[in-house]
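Chain by chain, the residues run as shown.
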Amino acid sequence: MLYAIIGEDAPGSLDKRGEARPAHLARLDQLQEDGQLVLAGPMPAIDSPDPGPAGFLGSLIVAEFPSLDEAQAWADADPYVQAGVYARVLVRPFRQVLPK
């Protein structure tokens, strides 16, 4: 099943995000190689693809996992969680309707 993983950035975590980004992306690359990743990316804090010092509000990942527990465990082990980038992470079942 698909799951939406929504990480909400902690205030003032932009530097931590930059430091943990390579490890975070490596895990996403592995999901993609395993055929589990649907989409992933950050949510800029302003209406710009490059928000500069305004930073990010969080990230959205949609990926396939065998269960909610496994999706939650994967999210809990994210380098952004470990580095304190995310203040909160929500993991919810997701049903893709479009595109078909």
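Preceding this paragraph is the structure being described.
Since we're looking at a predicted model, the values are computed, not measured.

Trainee: An account of the pattern of salt bridges is needed here, citing residue identities and associated values.
Mentor: Across all of its chains, the model carries three salt bridges by this definition. Salt-bridge contacts for Arg88 lead to Glu8; the nearest nitrogen and oxygen are separated by 3.1 Å. Of this pair, Arg88 sits in strand S4 (residues 86-94) while Glu8 sits in strand S1 (residues 2-9), and the two are 80 residues apart along the sequence. Notably, a salt bridge pairs Asp9 with Arg17, separated by 2.9 Å at the nearest N-O pair. The same class applies to Asp9 as to Arg17, namely buried.

Trainee: Please give an account of the pairing of strand S3 (residues 56-64) that cites residues and values.
Mentor: Sheet topology places S1 next to S3; seven bridges connect them, and they run antiparallel. Of the residues in S3, the one forming a bridge with Ala4 is Val62. Examined bridge by bridge, strand S2 (residues 37-44) and S3 share seven bridges and lie antiparallel to one another. Bridging across to S3, Met43 finds its partner in Gly58.

Trainee: Account for the layout of surface pockets, naming residues and giving values.
Mentor: Where empty space is left becomes clear once a probe the size of a water molecule has been rolled over the atoms. Put simply, the largest pocket is a space of about 230 Å³. Along the walls of the largest pocket sit 14 residues, with Arg17, Arg21, Leu25, Pro42 and Tyr80 positioned nearest its centre. Considering each element in turn, the lining of the largest pocket owes the most residues, seven residues, to helix H1 (residues 14-33). Here the lining of the largest pocket is built from residues that sort into eight nonpolar, four polar and two charged.

Trainee: Now, about the nonpolar core: what can you tell me, with residues and values included?
Mentor: Of all hydrophobic cores here, the largest spans 11 residues; its members are Tyr3, Ile5, Leu28, Leu31, Ile61, Ala63, Phe65, Ala71, Trp74, Ala75 and Val91. Of all the secondary-structure elements, those providing two or more residues to this core are S1, H1, S3 and helix H2 (68-76). Here this core takes three residues from H2, the largest share from any one element. Residues within four places of Ile5 in sequence aside, it is in contact with Ser59, Leu60, Ile61, Phe65, Ala71, Trp74, Ala75, Val89, Leu90 and Val91.

Parameters at a glance
- Residues numbered from 1 in each chain as written.
- Predicted model: local features only at pLDDT ≥ 70, side-chain atom pairs only at ≥ 80, totals over all residues.
- Heavy atoms only, no water.
- Salt bridge = Lys/Arg side-chain N within 4 Å of Asp/Glu carboxyl O.
- Helix = DSSP H or I, 4+ residues; strand = E, 2+ residues; numbered from the N terminus.
- Buried < 20%, exposed > 50% of the residue type's maximum accessible area, 1.4 Å probe, protein only.
- Pairing = 2+ DSSP bridges.
- 1 Å grid on protein atoms, 1.4 Å probe; cavity = no way out; pocket = protein on both sides within 12 Å on 5 of 7 lines; lining within 4 Å.
- Points joined across faces, edges and corners; volume = space filled by probe spheres on them.
- Nonpolar A, V, L, I, M, F, W, Y, C, P; charged D, E, K, R; others polar.
- Core = buried A, V, L, I, M, F, W, Y, C linked by side-chain atoms within 4.5 Å.
- Contact = heavy atoms within 4.5 Å.

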